[in-house]
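Okay, here's what each chain looks like letter by letter:
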Amino acid sequence: EVDRLLNKETSKWTKHARLPGGDFAFDNKDKLITMFREDYGFLSKEFITRLINSYGSQTIRVLGDADSEQDLGIHFGHGLYQQEVEYLIKIEWALTKDDILLRRTKLGLFFSPEETNKLDKWLKQYFT
């Protein structure tokens, strides 16, 4: 067993493994966007596209059973809602505003200092 672990030749199992949310053919992305737009008609195509680009088929876990924009919770800015933040905390172990805005969503490139502070204050309350 140790010999196998120390062997420099590694298995290439990852070559064909899909990342979480990547369980669809890339050329079916438009079809996936259309499907989500039918189920979540209250959301814009741009918003759904961003989620699919970020989470793939896991977008269903981000949106859950939301029937309206209000069901997504607090809007922090630039299409980042409380429900997505809670998904990032629970599933992707995000802990800070930087985890969410810079590492996971890249929305920090667009957030104003006020929007960033709003998220940071919410996170501090969430974790207390």
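The coordinates are above.
Residues numbered from 1 in each chain as written. Predicted model: local features only at pLDDT ≥ 70, side-chain atom pairs only at ≥ 80, totals over all residues. Heavy atoms only, no water.

Caption draft 1: Looking closely at the packing of helix H6 (residues 97-104) against helix H7 (residues 113-126). H7 packs onto H6 with a crossing angle of 130° between their chain directions and a minimal axis gap of 9 Å. As the angle between them shows, H6 and H7 are arranged oblique. Contact residues: Lys97, Ile100 and Leu101 in H6; Thr116, Leu119, Asp120 and Leu123 in H7. Of the residues contributing to the contact of H6 with H7, the split by class is 4 nonpolar, 1 polar and 2 charged. (Axes fitted to C-alpha atoms, helices over the stretch in contact; angles between N-to-C directions. Helix = DSSP H or I, 4+ residues; strand = E, 2+ residues; numbered from the N terminus. Parallel < 35°, antiparallel > 145°, perpendicular 65-115°, else oblique. Contact = heavy atoms within 4.5 Å. Nonpolar A, V, L, I, M, F, W, Y, C, P; charged D, E, K, R; others polar.)

Caption draft 2: Local environment of unusual backbone geometry. Despite not being glycine, tryptophan 93 has its phi angle at roughly 60°, a positive value. Tracing the backbone shows tryptophan 93 in the loop between helix H5 (82-92) and H6.

Caption draft 3: Just H5, in detail. Considered for burial, the residues of H5 that qualify are Gln82, Glu84, Val85, Tyr87, Leu88 and Ile89. Buried residues in H5 make contact with helix H3 (45-55), helix H4 (59-63), strand S1 (75-77), strand S2 (80-81), H6 and H7. Trailing H5 by a residue or two, tryptophan 93 shows a phi angle of about 60°, which is positive. (Buried < 20%, exposed > 50% of the residue type's maximum accessible area, 1.4 Å probe, protein only.)

Caption draft 4: Molecular detail of the side chain of lysine 29. By the element assignment, lysine 29 lies in helix H2 (residues 29-39). Look at lysine 29: it is buried, it has no salt bridge, and the nearest opposite charge is aspartate 30 at 6.4 Å. Only 2.5 Å separates the side chain of lysine 29 from the side chain of asparagine 53, close enough to count as a polar contact. (Lys, Arg positive; Asp, Glu negative; His and termini not counted. Salt bridge = Lys/Arg side-chain N within 4 Å of Asp/Glu carboxyl O. Polar contact = N/O pair within 3.5 Å; in protein donor to acceptor, adjacent residues only side chain to side chain.)

Caption draft 5: The arrangement of the pattern of salt bridges in detail. This structure, assessed with the given rule, holds 5 salt bridges. Close ionic contact of glutamate 92 with arginine 104 constitutes a salt bridge, the shortest N to O distance being 3.4 Å. Residue glutamate 92 is located in helix H5, and its partner arginine 104 is located in helix H6; the two are separated by 12 residues in the primary sequence. According to the relative accessible area criterion, glutamate 92 is partly exposed, its value standing at 25%. Measuring nitrogen to oxygen at the nearest pair gives 3.3 Å for the salt bridge that ties aspartate 120 to lysine 124. With aspartate 120 and lysine 124 both in helix H7 and 4 residues apart, the pair spans about one turn of that helix.

Caption draft 6: Geometry of H7. When the terminal C-alpha atoms of H7 are compared, their 20 Å separation across 14 residues agrees well with the 20 Å that a helix rising 1.5 Å per residue should span. Among all positions of H7, only Thr116, Leu119, Asp120, Trp122 and Leu123 are buried. Seen along its axis, H7 keeps its buried residues to an arc of 165°; they face one direction. In H7, those exposed residues whose orientation departs by more than 90 degrees from the buried face are Pro113, Glu114, Lys121, Lys124 and Gln125. (Expected span 1.5 Å × (residues − 1). Arc of directions from axis to C-beta.)

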